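Each chain is listed here by its residues.
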Amino acid sequence: MMEFSMQSAPMLLGKITILLISAFALNFLLRRASASARNILWTTALAGALVLPLLSVLGPAWRVRAPLSSAAASPIVKLMTQPSAVSPVSSNDAHEMAPAIASSKIEQGSHSALSNDRRPWNWPFVLGLVWLTGTLWIVVQIAVGLRLVDQAWRNSHALDGRMTRIAQEAQASMRIARHIEVCVADARSGIAAPIMWGARRPIVLLPSQSADWPDECVRAALLHEFAHIQRWDWPTRIATQIMCALYWFHPLVWMATRQIRETSERACDDCVLNAGVAPADYAQRLIDVLRSIPEGARPPRAAIAMALPNETEGRIRAVLASGLSRRAITRKWAISGMLLALAIVLPISALRLAAKEEAADSDTAPTSEVVYTGGRVELLGITEYPAPGKTWWNAGGKRLSAPPIDTNPHGSLGFTGKYTAREFAFRVIGAPIDAGIATDVPGETSGGMWTNASKDVTTVAVNALLPSDTRTTSVRVGLAAGPWEPLNEFDPWGLSMGSLSWRGHNVTIGVSDLSLFSGSAGLTVTNTVVDGATRVVAIDQHNIVHVGKGTSSGVSGTTQMQSLHFEGMKISDVKKIVFQARPYEWREFKNLPLEPQK
């Protein structure tokens, strides 16, 4: 099943584009058909576009293989917020793996100023925010329009005897059984042309100047608005506005919306002519109504107006044209059109890019690259460790022609035939140089390291012992590249131990007295931060931030100890000490082969 997310949005937009292009092509083939028939085409196309997201999620899948790059073919894997359980190792096995087994957590030292805290733009979030802003703007306009027509109706006046008789005759001509409320708008309401809205209890509102119109003009206006009611055009008009709100950035959506509006108006004009109004007389009535509209007046967005200055000229030409089909669509043809639209929409909704989706949905698909908020991590390769002339292979088990990373043995993994030693090499791309990096391999690990750190790329290697009968494994990599969160502040002259809660974990932080380290102010820090990268900064008397530099001097259980100094900073310059942390964002490299393909 396809997950509807930012990753599936481009595919959904592509499907809607294909659907609308198909509608334009069919509209060209039906250019000699009646306006009613072409309106059915555009209405069904709109309905298909609205249900496409739902059909894409719940409907059947039609997979089309497409050549994708390795990066594009890599699935976006789930975010893991809790550390996974590590494969258990007995005490006897642990003794056989002596001399020492260290934690798999690897943290890169912090050695940059606050200017390096800037993260790359989170484009999915930015684009989502822009889309939401545009959508809300149109939704607000619809809501305001509904409010305006409701106020205009509440302040309206009942029809006089002459107009009531004309309204009853026009409703009988259109054979509408529903109750229709027809009123005359107050002169201060801003209603300048006949409008209608509502579905179950429709309302027609005539402008205040309609009291001076001749009977023929009132009858033509009412016949036109009643035709909208007979055809149930108002729900369709609201649906088009919802479509524009959801896809306001898509030009084809606005073009399709215009086609729906124009074909709807022309279909209603045809209904008026079929009711016995002469084309020349009706054209004159349209001109009369248009002339009565004050310059710059616009009907409320939530209502259907009889005449709009920028669209009426084409309608008048169509009314006066001879040889045009003016047949109303029958129920049989309407059902046929809907079935045709369904035959087009279903294959489009079922379209999938198999190369991407099958990798994302399969529990056995290996992962070679994952994306984080602050960058991405690529699996460079897997190799035997230690072994001379090591063979490297990628996430799919294919042998690599050359080692992707030059790593020298930096830890000892004593093991017996019960265990297989492997080394995993990763590359972190796009993250800040002071980003925290952590790994979690099921089994026992030793000798984690990071190398080749630069502004944009950091290479990480980790070694692991796994049971010899293991054929595949999954490795988690955590990246802490988000904004720093202050956990505790310390007075430099009263430094002590602090206890607090951070992201659901109890944390203790201890800071020693300031002293000289390499000629600069320095201190020793202990902390029990779990699942996060840490750093210590000093604020001087001018509120300038200095990031502590140094290395970890020891780890005991969950307690870490660091010796730090603030380069070029005197002890007397320190105003306060701030301990900061940022959480790891975990991703999983799934089902990695522990042997190359033969």
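Residues numbered from 1 in each chain as written. Predicted model: local features only at pLDDT ≥ 70, side-chain atom pairs only at ≥ 80, totals over all residues. Heavy atoms only, no water.

### Structural notes on the confidence of the model for the chain
A low pLDDT score tells you not to read the predicted coordinates there in detail. As a reminder, the rule being used: Scored from 0 to 100, pLDDT records how confident the predictor is in each individual residue. In what follows, residue pairs with any heavy atoms lying within 4.5 Å of each other are defined as contacts.
Confidence in the prediction for the chain averages 77 pLDDT; 75% of positions are at 70 or higher. Within the model, the stretch residues 65–119 combines pLDDT values under 50 with 128 contacts to residues more than four positions away or in other chains. Predicted confidence is poor over residues 353–363, with pLDDT under 50, and the contacts of this stretch with residues over four places away or in other chains come to 25 contacts.

### Brief notes about the sheet that holds strand β15 (residues 472–480)
As a reminder of what qualifies: By definition, two strands form a pair when at least two bridges between them are found by DSSP. The way it works is that DSSP assigns letters per residue, a run of H or I at least four long becomes a helix, a run of E at least two long becomes a strand, and they are numbered from the N terminus. Helix axes are fitted only over the stretch in contact, all axes being lines through C-alpha atoms; the angle between N-to-C directions runs from 0 to 180 degrees.
Here three strands make up an open sheet; going across it, the order is β12-β15-β26 and the pairing antiparallel. Of all the strands in the sheet, the pair left with one neighbour each is β12 (436–440) and β26 (585–593). Direction aside, the axes of adjacent strands within the sheet are offset by 20° on average. One ladder, built from five bridges, connects β12 with β15; its direction is antiparallel. Paired with T439 across the strands is V477, a residue of β15.

### Things to note about the sheet that holds strand β3 (residues 181–184)
Pairing between the strands of a sheet comes from backbone hydrogen bonds, and it takes one of two forms, parallel or antiparallel. An order of β2-β3-β5-β4-β6 is seen for the five strands of this open sheet, with the pairing classed as mixed. The sheet terminates laterally at β2 (157–158) and β6 (304–305), the two strands that pair on one side only. Pairing geometry for β2 and β3, over two bridges, is antiparallel. For A158, the partnering residue across the bridge sits in β3 and is C183.

### Comments concerning the nonpolar core
Quick reminder of the rule: To qualify as a nonpolar core, a set must consist of buried Ala, Val, Leu, Ile, Met, Phe, Trp, Tyr and Cys residues joined through side-chain atoms within 4.5 Å. Accessible area is worked out with a 1.4 Å probe on protein chains only. A residue is then buried under 20% of its type maximum, exposed over 50%, and partly exposed in between.
Counting 54 residues, the largest nonpolar core has L222, F226 and Y282 as the members making the most contacts within it. In terms of residue count, helix α7 (residues 215–230) provides more of this core than any other element does, nine residues in total. What L222 contacts, discounting residues up to four positions off in sequence, is I166, A167, A170, V182, V204 and L206. L379, A395, F424 and V462 belong to the second-largest nonpolar core, a separate cluster that totals 25 residues.

### Observations regarding unusual backbone geometry
The phi angle at R175 is positive, at roughly 55°, despite the residue not being glycine. Among the structural elements, R175 can be located in the loop between α6 (161–174) and β3. For N543, which is not a glycine, the phi torsion comes out positive at approximately 65°. Inspection of the secondary structure assignment puts N543 in the loop between β21 (532–540) and β22 (545–547). Given a relative accessible area of 52%, N543 falls into the exposed group.

### A word on a nonpolar patch on the surface
Put simply, the rule is: Patches here are clusters of residues that have more than 30% relative accessible area and form no salt bridge, with a 9 Å joining cutoff for like charges and a 5 Å cutoff for nonpolar side chains (Val, Leu, Ile, Met, Phe, Trp, Tyr). In this description, accessible areas are obtained by the Shrake-Rupley approach with a 1.4 Å probe, and a residue is regarded as covered only by the protein chains that are shown. What makes a salt bridge here is a side-chain nitrogen of Lys or Arg within 4 Å of a carboxyl oxygen of Asp or Glu, nothing more.
Together, L50, V51, W131, L132, L136, I242, L246 and F249 make up a nonpolar patch on the protein surface, roughly 620 Å² of accessible area in all. The set of elements that each furnish at least two residues to the nonpolar patch consists of α2 (35–58), α5 (123–154) and α8 (233–246). Of the residues forming the nonpolar patch, the biggest block, three residues, is contributed by α5. For L50, the location among the structural elements is in helix α2. The class for L50 is partly exposed, based on a relative accessible area of 32%.

### Digging into the pattern of salt bridges
Per the counting criterion, the structure on display carries 21 salt bridges. Here R326 and D270 are joined by a salt bridge, their closest N and O atoms 2.8 Å apart. Remark: D270 occurs in helix α9 (residues 251–274) and R326 occurs in the loop between α11 (312–320) and α12 (331–349); sequence separation between them is 56 residues. Taking the relative accessible area as the measure of exposure, R326 reaches 18% and is therefore buried. Taking relative accessible area as the criterion, D270 reaches 8% and is therefore assigned buried. Put simply, E423 and K390 hold a salt bridge, and the shortest N to O gap is 3.8 Å. Residue E423 is located in strand β11 (residues 419–429), and its partner K390 is located in the loop between β9 (376–384) and β10 (392–393); the two are separated by 33 residues in the primary sequence.

### Concerning α8
Within an α-helix, residues lying three or four positions from one another point in the same direction, as the helix has 3.6 residues per turn. Which entries qualify depends on this criterion: Expected span of a helix: the number of residues minus one, times 1.5 Å.
For α8, built from 14 residues, the straight-helix expectation of 20 Å at 1.5 Å per residue is met to within 8% by its first-to-last C-alpha distance of 20 Å. Most of α8 is tucked away: eleven of the 14 residues are buried. Taken residue by residue, α8 has D233, W234, T236, R237, I238, A239, T240, Q241, M243, C244 and A245 as its buried positions.

### Details of the side chain of T236
Looking at the secondary structure, you find T236 in helix α8. Discounting residues that sit within four places of it in the chain, T236 has contacts with T43, L46 and I260.

### Thoughts on the pairing of β21
Taken across its nine residues, β21 has nine buried, putting it largely inside the fold. Burial along β21 is two-sided: G532, T534, V536, A538 and D540 and A533, R535, V537 and I539, pointing in opposite directions, are all buried.

### Quick look at the packing of α7 against α9
To describe two helices that pack against each other, one gives the angle between their axes and the distance between the axes. To be explicit about the condition: Roughly parallel means an angle under 35 degrees; roughly antiparallel, over 145; roughly perpendicular, 65 to 115; everything else is oblique. Each crossing is labelled by how the near helix is turned from the far one, with a counterclockwise turn of less than a right angle marking it left-handed and a clockwise turn marking it right-handed. Each residue receives one of three labels: charged for Asp, Glu, Lys and Arg, nonpolar for Ala, Val, Leu, Ile, Met, Phe, Trp, Tyr, Cys and Pro, and polar for the others, Gly being one of them.
At a minimum axis separation of 8 Å, α7 and α9 run at an interaxial angle of 120°. As summarised for this structure, α7 and α9 are arranged oblique, according to the angle between their axes. Note that α7 runs across α9; the crossing there is right-handed. Between α7 and α9, the contacting residues are A220, L223, H224, A227, H228 and Q230 on the first element and S264, E265, C268, D269, C271 and V272 on the second. Grouping the constituent residues of the contact of α7 with α9 by class yields six nonpolar, four polar and two charged.

### Here's the deal with the pairing of β9
Judged from the three bridges that link them, strand β8 (residues 369–371) and β9 form a sheet pairing that is antiparallel. Across the sheet, the residue bridging to E369 is E378, located in β9. Counted between consecutive antiparallel strands, the loop separating β8 from β9 contains four residues, among which G375 sits at a positive phi close to 160°. Pairing of β9 with β11 involves eight bridges; the strand directions are antiparallel. Directly across from G381, in β11, lies its bridge partner A425. Relative to β10, β9 runs antiparallel, the two sharing two bridges.

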